[in-house]
Structure formats: structure tokens, C-alpha cells
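Residue-level structural notes
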Amino acid sequence: MADARLDEILKALDPPAGMRLWYGGASPMGSLRGVTSEVAAWKPAPGRHSIWELVLHMAYWKYAVRRKLTGEGKGGFPRGPSNWPDVPEVPDAKVWKEDRGLLRDEHDKLVEAIRAFNGKRLDKKPEDGGETKFVDLLMGIVMHDTYHTGQIQILKRLYHR
């Protein structure tokens, strides 16, 4: 029997075409439409994150949650350092396109892993000794996307003011 929570998590994480998210905002990928490498690299102040950094951070956490779901454990995220990967010092359109692709790829892999996940395991903890139940990991990644997508929307507006 399927768990309705998985359906809701998938709907929030990867809404069907034409469906507006509950908060009325863009998806992470949708929020990046039209964002150039210059805009992506811009920071509103020293010590603040750029859109580019947020994109790589979101990609990393999608990767990390997927590996917990599938039992793959720790691995090698393609960018480093893992949680907040470095971005080029000079904006580069080719690298920006690749990093947006990394976010899309990790998103698609996570959605695939959630679709294959046995809903009966939602209230269990990963076998690696982690203390967080699967349902909490999945709700967390949905909230993580929502939070950082909101930040991206604000950064775009600040850049263009």
C-alpha cells in the first residue's frame, strides 16, 4: 500500500506541469530562468551567499538525502567542498550552465529515488545509524528547496533594483 505522504512530498518537490506550488513561488529550476552567470555570482554584501552558491548547496543536499534513501552512504559529490562548493572567482557562463545541470541532475535522481522508495519505511531511520527518520529527511529537503528558492527570488530582485 502506498503512503500518501510520499505523494505529497513528490508533489511539493516536483510539482506536475501547470501546477502552482502551495506558496505560489517558482521551483528551484524555475527560479533560475534567465539568470546569467554574472547575476548568479553576485553577492548583496560580503559574507552573504550568491545564487550560484545556493544552487550548488541545494544540489549537494539533494545528493545527500538521495544517498540516505538508497543506502549508498557517503560518496563523492562532484563539487567541493561538499556543503558549500566553491564557485569560480570570475563568472563563467559555461560553468554556470554545468552547475545548473548538476542541480537538475541531482533533483531528477532524488525524485527517482523517492518514487522507488518503499513508503512502509518512512517512519524508520536509515540503516547507517542516522537519527533522522526518512519522512523527516524528505520533508526537510522540501523545506530546504522552498527556503533557498525564496532566497534566490530575493537575490534576483536585489540585483535588478
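Residues numbered from 1 in each chain as written. Predicted model: local features only at pLDDT ≥ 70, side-chain atom pairs only at ≥ 80, totals over all residues. Heavy atoms only, no water.

On to the side chain of Arg67. Take Arg67: it is sitting in helix α4 (residues 51–70). By relative accessible area, which is 13% here, Arg67 ends up buried. Apart from residues lying up to four places away in sequence, Arg67 is in contact with Glu72, Gly73, Lys74 and Gly75. (Helix = DSSP H or I, 4+ residues; strand = E, 2+ residues; numbered from the N terminus. Buried < 20%, exposed > 50% of the residue type's maximum accessible area, 1.4 Å probe, protein only. Contact = heavy atoms within 4.5 Å.)

Another point: the packing of aromatic side chains. Going through the model one piece at a time under the given rule, you end up with seven aromatic pairs. When the ring of Tyr60 is compared with that of Trp61, the centres are 5.0 Å apart and the planes differ by 80 degrees; the resulting orientation is edge-to-face. By relative accessible area, which is 33% here, Trp61 ends up partly exposed. Taken together, the aromatic side chains of Tyr60, Trp61, Tyr63 and Phe77 make up a single cluster linked through ring pairs. (Phe/Tyr/Trp six-rings, centres within 6.5 Å; stacked < 30°, edge-to-face > 60°.)

Taken as a whole, the largest pocket holds about 420 Å³ of empty space. Lining the largest pocket are 21 residues, and of these Ala64, Lys68, Gly73, Lys74 and Asp128 lie nearest its centre. Per-element tally for the lining of the largest pocket: the top contributor is α4, with seven residues. Residues that form the lining of the largest pocket fall into these classes: eight nonpolar, seven polar and six charged. In this structure, the second largest pocket spans a volume of roughly 200 Å³. Along the wall of the second largest pocket there are 13 residues; nearest its centre are Ser27, Met29, Gly30, Arg33 and Arg104. The set of elements that each furnish at least two residues to the lining of the second largest pocket consists of α2 (28–31) and α5 (93–116). Of the residues in the lining of the second largest pocket, the class split is six nonpolar, four polar and three charged. (1 Å grid on protein atoms, 1.4 Å probe; cavity = no way out; pocket = protein on both sides within 12 Å on 5 of 7 lines; lining within 4 Å. Points joined across faces, edges and corners; volume = space filled by probe spheres on them. Nonpolar A, V, L, I, M, F, W, Y, C, P; charged D, E, K, R; others polar.)

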